[in-house]
Amino acid sequence: MSVKTLAYEGERLTETIELNSNKDSNYVKANEWMVETFGDAESVIQFVDKEAGIIKGKYMMYQGQKASQYSPSVQSYFAMITIRVRDYAAKIEVDPTSKFTVTNYMGSKIGFTPELFKSSAQNLISDFSVKMKNQSKNDDW
């Protein structure tokens, strides 16, 4: 079995979104998005500050696998997601938390690559943008 592991550094992806709602409404929508998106026990909201308009959490972007007789182990990959809100705007930052470890195994790459990180982060940012542009259910109850 031939296994070669390479490590890559990652880059932060950021987007600022212009909105039509105030800071309180934006904070509620951002918090709801985090709760809905962080759907497993490994993804957790780690810090919130309503006054400052910040929500921060660790999100599992890729679930690893244990080694078997047919394949090597692959580590899970996490990103740090930081959301900042204010009146009429929200900003999301998706930061890689460690190096990307990719294993070349029998002619193919196994693991979470920088390309997969960028694609997954862009999907998260797009989903966040859609959620934030919708009217909050909290506004009209």
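Residues numbered from 1 in each chain as written. Predicted model: local features only at pLDDT ≥ 70, side-chain atom pairs only at ≥ 80, totals over all residues. Heavy atoms only, no water.

A. Broad picture of the sheet that holds strand E5 (residues 77-86). Strand order across the open sheet formed by five strands is E2-E6-E5-E4-E3, with antiparallel pairing between neighbours. Each end of this open sheet is capped by a strand with a single partner; those strands are strand E2 (13-18) and strand E3 (44-49). Across the sheet, the mean angle from the axis of one strand to that of its neighbour is 15°, orientation sign disregarded. Relative to E5, strand E4 (residues 54-62) runs antiparallel, the two sharing eight bridges. Residue pairing in the sheet places tyrosine 59 in a bridge with alanine 79 of E5. (Pairing = 2+ DSSP bridges. Helix = DSSP H or I, 4+ residues; strand = E, 2+ residues; numbered from the N terminus. Axes fitted to C-alpha atoms, helices over the stretch in contact; angles between N-to-C directions.)

B. Spotlight on helix H2 (residues 114-133). In this model, H2 (20 residues) spans 28 Å end to end at C-alpha, consistent with the 28 Å of a helix rising 1.5 Å per residue. Along H2, the positions that sit buried rather than exposed are Pro114, Phe117, Ala121, Leu124, Ile125, Phe128, Ser129, Lys131 and Met132. The buried residues of H2 all sit within an arc of 160° when viewed along its axis, so they share a single face. Opposite the buried face of H2, at more than 90 degrees from it, the exposed residues are Glu115, Asn123 and Lys133. (Expected span 1.5 Å × (residues − 1). Buried < 20%, exposed > 50% of the residue type's maximum accessible area, 1.4 Å probe, protein only. Arc of directions from axis to C-beta.)

C. Quick look at the packing of aromatic side chains. Applying the stated rule across the entire model yields three aromatic pairs. Their ring planes at 75° and their centres at 5.1 Å tell us that tryptophan 33 and phenylalanine 128 sit as a pair that is edge-to-face. Of this pair, tryptophan 33 sits in helix H1 (residues 23-37) while phenylalanine 128 sits in helix H2; the two residues are 95 residues apart in sequence, bridging distant segments of the chain. Here the two residues tryptophan 33 and phenylalanine 128 agree in accessibility, since each one is buried. (Phe/Tyr/Trp six-rings, centres within 6.5 Å; stacked < 30°, edge-to-face > 60°.)

D. Region of the structure containing the packing of H1 against H2. Their axes nearest at 10 Å, the elements H1 and H2 cross at an angle of 135°. In terms of axis orientation, H1 runs oblique to H2. Classified by chirality, the crossing of H2 by H1 is right-handed. Between H1 and H2, the contacting residues are Asn26, Lys29, Ala30, Glu32, Trp33, Glu36 and Thr37 on the first element and Leu124, Asp127, Phe128, Lys131 and Met132 on the second. Of the residues assigned to the contact of H1 with H2, the class counts are five nonpolar, two polar and five charged. (Parallel < 35°, antiparallel > 145°, perpendicular 65-115°, else oblique. Left-handed = near helix turned anticlockwise from the far one by under 90°. Contact = heavy atoms within 4.5 Å. Nonpolar A, V, L, I, M, F, W, Y, C, P; charged D, E, K, R; others polar.)

E. View of the environment of aspartate 49. Looking at where aspartate 49 falls in the secondary structure, it is placed in strand E3. The class of aspartate 49 is partly exposed, set by a relative accessible area of 27%. Along the sequence, aspartate 49 and arginine 84 sit 35 residues apart, while their C-alpha atoms lie 9.7 Å from each other. Leaving out residues up to four positions away in the same chain, aspartate 49 has contacts with Tyr27 and Ile54. At 3.1 Å, the side chain of aspartate 49 forms a polar contact with the backbone nitrogen of glutamate 51. (Polar contact = N/O pair within 3.5 Å; in protein donor to acceptor, adjacent residues only side chain to side chain.)

F. Structural context of the pairing of strand E7 (residues 100-105). Strand direction decides the pairing type here: E7 and strand E8 (residues 108-111), joined by four bridges, are antiparallel. Among the inter-strand pairings, tyrosine 105 is bridged to a residue of E8, identified as serine 108. The antiparallel pairing of E7 with E8 creates a hairpin that spans two residues between the two strands, and methionine 106 there sits at a positive phi of about 50°.

G. Just the nonpolar core, in detail. Judged by nonpolar contacts, the single largest core of 27 residues is most densely connected at Ile81, Ile83, Phe117 and Phe128. Counting only elements with at least two residues in this core, the list comes to E2, H1, E4, E5, strand E6 (89-96) and H2. Top element by residues in this core is H2. It accounts for six residues. Look past the residues within four positions of isoleucine 83 in its chain and what remains in contact with it is Ala30, Trp33, Met34, Gly53, Ile54, Ile55, Lys91, Ile92 and Phe128. (Core = buried A, V, L, I, M, F, W, Y, C linked by side-chain atoms within 4.5 Å.)

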